[in-house]
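Architecture and fold: a report
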Amino acid sequence: MKQKIFIKTFGCQMNEYDSNRIYDSVKKIGYEKTQNYEEASCYLLNTCHIRDKAKEKVYHEIGRVKKIFRSKKKPLVIIAGCVAQAENQEMLKREPYIDLVIGPQAYHKINDTILNHIKKNKKTEETEFDAISKFEYFNKIKNNSGNISSFLTIQEGCNKFCHFCVVPYTRGPEYSRPFKQILDEAKYLVDSGSQEIILLGQNVNAYNNEKYRLSDLILEIEKFSEIKRIRYTTSHPKDMSNDLIEVYKSSKKLMPLVHLPVQSGSNKVLGLMNRKHTISDYYKIYDELREINSNIKFSSDFIIGYPGEEEEDFKATLELIKKIKFINSYSFIFSPRPGTVAADLNLIDKKISMERLEQIQSQLYDNQMLMNQSLENKTINVLVENLTEDKTQVFGRSEYMTSVIFNGKKEDVGKIVPVKIIKSNRSSLFGERVFRANQKVA
Ligand code: SAM
Ligand code: SF4
Ligand code: F3S
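Along each chain, residue indices are assigned from 1 in the same order as the chain's sequence is written. To label them, take the chains in the order written and letter them from A, then take the ligands in the order written and number them from 1. Only residues with pLDDT of 70 or above have their local features reported here, since the model is predicted, and side-chain atom pairs are shown and tallied only from 80 upward, although totals for entire chains, interfaces and linings are computed over all residues. The basis for the side-chain values is all heavy atoms of the structure; hydrogens and waters are excluded.

This paragraph deals with the sheet that holds strand β4 (residues 76-80). Spatial ordering of the open sheet is given by β2-β1-β3-β4-β5-β6, a layout of 6 strands whose pairing is parallel. Taken across any chain shown, the strands that pair with only one partner, and hence form the sheet edges, are β2 (31-33) and β6 (124-126). Going from strand to strand, the sheet's axes swing by 20° on average, the running direction of each strand aside. The contact definition used throughout considers only heavy atoms, calling two residues in contact when any of these lie within 4.5 Å. Axis definition: a line fit to C-alpha positions, over the contact stretch in the case of helices; interaxial angles, taken between N-to-C directions, run 0 to 180 degrees. Helix and strand definitions follow DSSP, with helices as H or I runs of at least four residues and strands as E runs of at least two, each counted in order from the N terminus. Packing against the sheet, helix α2 (residues 54-68) makes contact with β1 (3-9), β3 (42-47) and β4, and its axis sits at approximately 160° to β3. Against the sheet, helix α5 (residues 110-120) makes contact with β2, β3, β4, β5 (100-102) and β6, and its axis sits at roughly 170° relative to β5, the strand it touches most. When DSSP finds two or more bridges between two strands, those strands count as paired.

Below, the structure written as structure tokens:
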């Protein structure tokens, strides 16, 4: 009988990608995925360390698993991801229910670690940074995501050390995968039915392998006729190089949504954060891209209430949001992270941070609503990803990543189809399939 593995994933798209690749690996030693805790003989928690209480969430989750398995055989419990990297052997000491701890750059060791544990019942912690061996290992295992839209990690780690951020410590230094290796994986994805590729990296636009940059990858991947759309995330303003901006002129498949985290609208706060870019750098990128294509829209990440943020800094962030009209953005209150430069700075008043967050979010949500409302009664192109859960409609995405639900059929999955938008809310568009030829598309 096959062993069953239950994988639970927190955090960013890179963790989602990693969980899928971990599964591709453990399949080789006989594991099959389950969505049901009860039948799992292995429980893997892929963790995120980006904001507060990450560690506590992990122990809380283990508590849940313990309860579920109280009267059953204990599963093999593996903690992966960024908390695993940050806490390493401490986790094995604090919670004996955990068997293995494995960091994001050691996933190539996962099968051996599991087999070793089964044989010798030995608890292990693997947290070395070895991105080269990891990607060489995974290059030999096909990525058969089978999804219409698939993630493809091209770059890992970060050398920028923003003062608030744990990523340089949990993912290690910047590493760019070899160009050819990435194209091989793109081919596997195409062969398994992917029509959209989302290139991933903690600093995806810092991609730099020999003479190749992100722009080269985009232009090469779009040569696959099966690929209809290309996206990339997350990028840093400092790495928005000219070639990447220029690629918006030549690429036919790069989508017009640029996710470019700015964090704050105030140069003073950006300096305190060690962001290495200014607001005028940001506007310059915005202007250049909008000059190339006025349909390009931006989304972003914001940190509110960073130590030293005063009312006028906050106002500058609001101002920036109003000017750029960001869509689909993320905003969070600053959360001090152990080991980072900002960990011990004096926090600003919690109530003030909360009020500022509310104002920022209300502005961001208004932008999102207006954007979606502007599409009502227009016909847009939708890449159809799946049937809805109740199987009565289909689900796809607009060029701007917004979910679109409409009266399509199973045969539409994997196609780009015109959909007339009838109604919208902040996060989704609802429409009807259009069949007329030569329908004008917004
Ligand atoms: N590399 C990307 C960049 O430079 O913008 C961001 C990667 S990080 C995984 C994703 C987002 O988490 C950041 O853009 C930031 O807004 C947020 N974040 C990181 N550390 C944080 C902290 N200590 N408190 C609150 N938000 C944080
Ligand atoms: Fe974190 Fe800054 Fe690196 Fe982004 S650039 S991953 S925010 S340290
Ligand atoms: Fe979280 Fe690690 Fe991603 S800290 S956001 S899972 S890089």
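Here we come to the site of ligand 1. When we say a residue is near a molecule or strand, we mean one of its heavy atoms is within 4 Å of it. In the region of ligand 1, 16 residues are neighbours, and Gln202, Gln263, Arg275, Asp301 and Ser335 sit closest. Interatomic distance of 3.4 Å between a side-chain N/O atom of arginine 51 and a nitrogen atom of ligand 1. Here a nitrogen atom of ligand 1 sits 2.7 Å away from a polar atom, N or O, in the main chain of serine 335. In terms of residue class, the shell around ligand 1 is made up of 7 nonpolar, 5 polar and 4 charged. All the domain ranges listed were derived from an automatic or database domain assignment. Structurally, the shell around ligand 1 is a two-domain feature, drawing no fewer than three residues from each of domain 2 (142-255) and domain 3 (268-373). Under the rule applied, a polar contact is a pair of N or O atoms within 3.5 Å (in protein, one hydrogen donor and one hydrogen acceptor; residues adjacent in sequence only if both atoms are side-chain atoms). Basically, the charged four are Asp, Glu, Lys and Arg, the nonpolar ten are Ala, Val, Leu, Ile, Met, Phe, Trp, Tyr, Cys and Pro, and anything else, Gly included, counts as polar.

Around ligand 3, the structure places Cys12, Asn15, Thr47, Cys48, His49, Ile50, Cys82, Arg171 and Gln202. Looking at the shell around ligand 3 residue by residue, the classes come out as 4 nonpolar, 4 polar and 1 charged.

Attention now moves to the packing of aromatic side chains. Here a Phe, Tyr or Trp ring, Trp counted by its six-membered ring, pairs with any other such ring whose centre lies within 6.5 Å, and the pair is stacked when the planes are under 30 degrees apart, edge-to-face when over 60, and tilted otherwise. Under the defined criterion, the tally for this structure stands at 13 aromatic pairs. Ring centres 6.2 Å apart and planes at 50° place the aromatic pair tyrosine 282 and phenylalanine 326 in the tilted group. Separated by 44 residues along the polypeptide, tyrosine 282 in helix α12 (residues 279-292) and phenylalanine 326 in the loop between α13 (311-324) and β17 (330-333) bring together distant segments of the chain. Both residues of the pair, tyrosine 282 and phenylalanine 326, belong to the buried class. Ring centres of tyrosine 286 and phenylalanine 298 lie 5.1 Å apart, and the angle between their planes is 75°; this geometry places the pair in the edge-to-face category. Of this pair, tyrosine 286 sits in helix α12 while phenylalanine 298 sits in strand β15 (residues 297-299); the two residues are 12 residues apart in sequence, bridging distant segments of the chain. No difference in accessibility class separates tyrosine 286 from phenylalanine 298, as the two residues are buried. We call a residue buried when its accessible area falls under 20% of the maximum for its residue type, exposed when it is over 50%, and partly exposed in between, using a 1.4 Å probe and counting protein chains only.

One finds Leu199, Ile221, Tyr232, Phe298 and Phe326 to be the most contacted residues of the largest nonpolar core, which totals 59 residues. Among the elements that line this core, the one with the most residues is helix α8 (residues 179-191), at 6 residues. Both domains that meet at this core, namely domain 2 (142-255) and domain 3 (268-373), each give it at least three residues. When residues no more than four places from it in sequence are discounted, the contact partners of phenylalanine 326 are Val262, Tyr282, Phe298, Ser299, Ser300, Phe302, Leu320, Ile321, Leu364 and Asn367. Grouped together as the second largest cluster of nonpolar side chains are 20 residues, Val58, Ile62, Tyr97 and Val101 included. Among buried residues, the Ala, Val, Leu, Ile, Met, Phe, Trp, Tyr and Cys ones that are joined through side-chain atoms within 4.5 Å form a nonpolar core.

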